[in-house]
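Observations on the three-dimensional arrangement
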Amino acid sequence: MQRAPTSPERISVALGLCVVMLATLPRYMAGGHETRQTLIIFALVLVAFATVVQWRILAVEARRRLPQLCKRLVVMLLLGMVVMGGWHALFTDWISWQVFISHGATLGVLLHAISLWWSGERHAS
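Every value quoted in this text rests on a predicted model; they were computed, and no experiment measured them.

Ala14, Cys18, Met21, Leu25, Tyr28, Ile40, Leu44 and Val47 form the largest nonpolar core, which has eight residues in total. Those elements that place two or more of their residues in this core are helix H1 (8-31) and helix H2 (34-57). No other element matches the five residues that H1 contributes to this core. Beyond its immediate chain neighbours, meaning those up to four positions away, alanine 14 contacts Val47 and Thr51.

Here's what the structure looks like:
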């Protein structure tokens with residue numbers, strides 16, 4: 001079976017990856033890691049460009065599913081923030097807000113990708 005070169009699910013995960021990269025920038029700025037900051041900016045530009053290209057080749061009917069997937073991404077990002085906030089409150093000394101948003105965004109995108117995979121597995125059965 002030939003897989004489509006793009007899908008709204010892939011685009012939503014790529015958008016989430018862009019959010020994670022944006023969320024890490026304050027962390028590297030505060031830590032004085034200019035080289036990492038520059039690399040993240042380059043990666044962000046490349047991923048954003050690839051996401052736009054994928055969106056442009058996406059079928060019209062598939063584009064209609066993207067707003068719902070973006071809402072799902074936002075919910076997962078918020079859930080990631082809540083879970084990481086609870087985790088750090090219970091198990092660690094308070095960390096900086098820069099590390100908190102970086103960890104929360106990362107967990108949120110992971111939850112989003114896992115939820116897409118899980119729902120895809122259920123629909124394939």
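Back to the write-up after that little detour.
This part is about H1. Over its 24 residues, H1 runs 35 Å from end to end, which matches the ideal 34 Å to within 8%, given 1.5 Å per residue. Inspection of H1 places Pro8, Ile11, Ser12, Ala14, Gly16, Cys18, Val20, Met21, Ala23, Thr24, Leu25 and Tyr28 among the buried residues, and these make up the whole buried set. Where H1 terminates, the next one or two residues include glycine 32, which has phi positive at roughly 70 degrees.

Under the UniProt annotation, "transmembrane region" (unreviewed entry) lies at residues 12-30, 36-57, 69-89 and 95-118. From the first C-alpha to the last, residues 12-30 spans 28 Å; its make-up is 100% helix and 0% strand. Here residues 95-118 is 92% helix and 0% strand, with 32 Å between the C-alpha atoms at its ends.

What follows is about helix H4 (residues 66-91). Taking 1.5 Å of rise per residue, the 26 residues of H4 would be expected to cover 38 Å, and the 36 Å separating its terminal C-alpha atoms lies within 8% of that figure. All of the buried residues along H4 are Leu66, Leu69, Leu73, Met76, Leu77, Gly80, Met84, Gly85 and His88.

Conventions and cut-offs
- Residues numbered from 1 in each chain as written.
- Predicted model: local features only at pLDDT ≥ 70, side-chain atom pairs only at ≥ 80, totals over all residues.
- Heavy atoms only, no water.
- Core = buried A, V, L, I, M, F, W, Y, C linked by side-chain atoms within 4.5 Å.
- Buried < 20%, exposed > 50% of the residue type's maximum accessible area, 1.4 Å probe, protein only.
- Helix = DSSP H or I, 4+ residues; strand = E, 2+ residues; numbered from the N terminus.
- Contact = heavy atoms within 4.5 Å.
- Expected span 1.5 Å × (residues − 1).
- UniProt positions renumbered as here; feature names shortened; annotations may be inferred.

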